[in-house]
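Coordinate inspection notes
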Amino acid sequence: MSVNPERAERMNLSEPYMQNKMVFVVPADSTAQSMSDLADKAIGVQNGSTAQTILKDSSIGGTIKESALATNIEAMQQMDLGLVDAVFLDVIVAEYEITMGGKDYRVLSDGLAEEEYAIGFRKNDNALRNEVQKILGEMKADGTLAQISTAWFGKDITTVPDNK
C-alpha cells in the first residue's frame, strides 16, 4: 500500500519496498501531452485512494472533473469507453496495464507526487512485521525479489536494501 502519514499513524508499516509516483494515463491517441492539457477534462481516479487525495489537493489548472470509481481497473474501463479523458493512478499499476495487459495507453511525462509502498501490519504486531522484513531482505539477497518483480513488471522495481 502507499505510505502516507495517516497510515503510518494507524499501522505498523514495513520498510518501503518499492518507489512509486502518481501519473496521468491517457489513450494513446489522446492529444494531451502534459497534465496542463487535462484542465477541464474528466479524470478517473480510484475512490478512497491516495491518488484521489493528491488529485483533490492539486492545482493542475482548470476544473478537475473527478470521476471517483471503485478500482483503477474500473477507471481504465471508463477511459476505454470514452467516459473519462484520463486516469490518475500509480505508475506501477499504469505500466502493468500497458505492458502486461496490452492496453493502448500512454503515461504523461509529468505527474503530481511520488510515494513509497510498504506492507501494513496491526499497530503492535512487531514480531510479524520484523519477520516479513527479514524475509524481504533474504528474497532481495537471493534474487527472488528481483525475479518476481521482473515477471510482473518487466524489471526489478524494488527498493529493498541489500542485507549487509
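All values derive from a computational prediction rather than experimental measurement.

Below, the discussion takes up the side chain of Ser34. As for its placement among the helices and strands, Ser34 is situated in the loop between β2 (18-27) and β3 (42-46). Among the polar contacts made by the side chain of Ser34, one reaches the side chain of Ser36 at a distance of 2.9 Å.

On to the layout of surface pockets, then. Of the volumes computed, that of the largest pocket is approximately 170 Å³. Breaking the lining of the largest pocket down by element, the ones donating at least two residues are α5 (126-142) and α6 (144-153). In terms of residue count, α6 provides more of the lining of the largest pocket than any other element does, 5 residues in total. Within the lining of the largest pocket, the residues separate by chemical class into 9 nonpolar, 2 polar and no charged.

This paragraph deals with the nonpolar core. Membership of the largest hydrophobic core comes to 17 residues, with the highest contact counts inside it found for Val25, Met79, Val87, Leu89 and Ile92. Of all the elements in the fold, those that place two or more residues in this core are β2, α3 (72-80), β5 (86-90), α4 (91-99) and β6 (105-117). In contact with Val87, not counting residues within four places along its chain, are Val23, Phe24, Val25, Ile43, Gly44, Ala75, Met76 and Met79. The next biggest cluster of nonpolar side chains, apart from the first, holds 14 residues, and it includes Met22, Phe24, Ile43 and Ile54.

Conventions adopted
Residues numbered from 1 in each chain as written. Predicted model: local features only at pLDDT ≥ 70, side-chain atom pairs only at ≥ 80, totals over all residues. Heavy atoms only, no water. Helix = DSSP H or I, 4+ residues; strand = E, 2+ residues; numbered from the N terminus. Polar contact = N/O pair within 3.5 Å; in protein donor to acceptor, adjacent residues only side chain to side chain. 1 Å grid on protein atoms, 1.4 Å probe; cavity = no way out; pocket = protein on both sides within 12 Å on 5 of 7 lines; lining within 4 Å. Points joined across faces, edges and corners; volume = space filled by probe spheres on them. Nonpolar A, V, L, I, M, F, W, Y, C, P; charged D, E, K, R; others polar. Core = buried A, V, L, I, M, F, W, Y, C linked by side-chain atoms within 4.5 Å. Buried < 20%, exposed > 50% of the residue type's maximum accessible area, 1.4 Å probe, protein only. Contact = heavy atoms within 4.5 Å.

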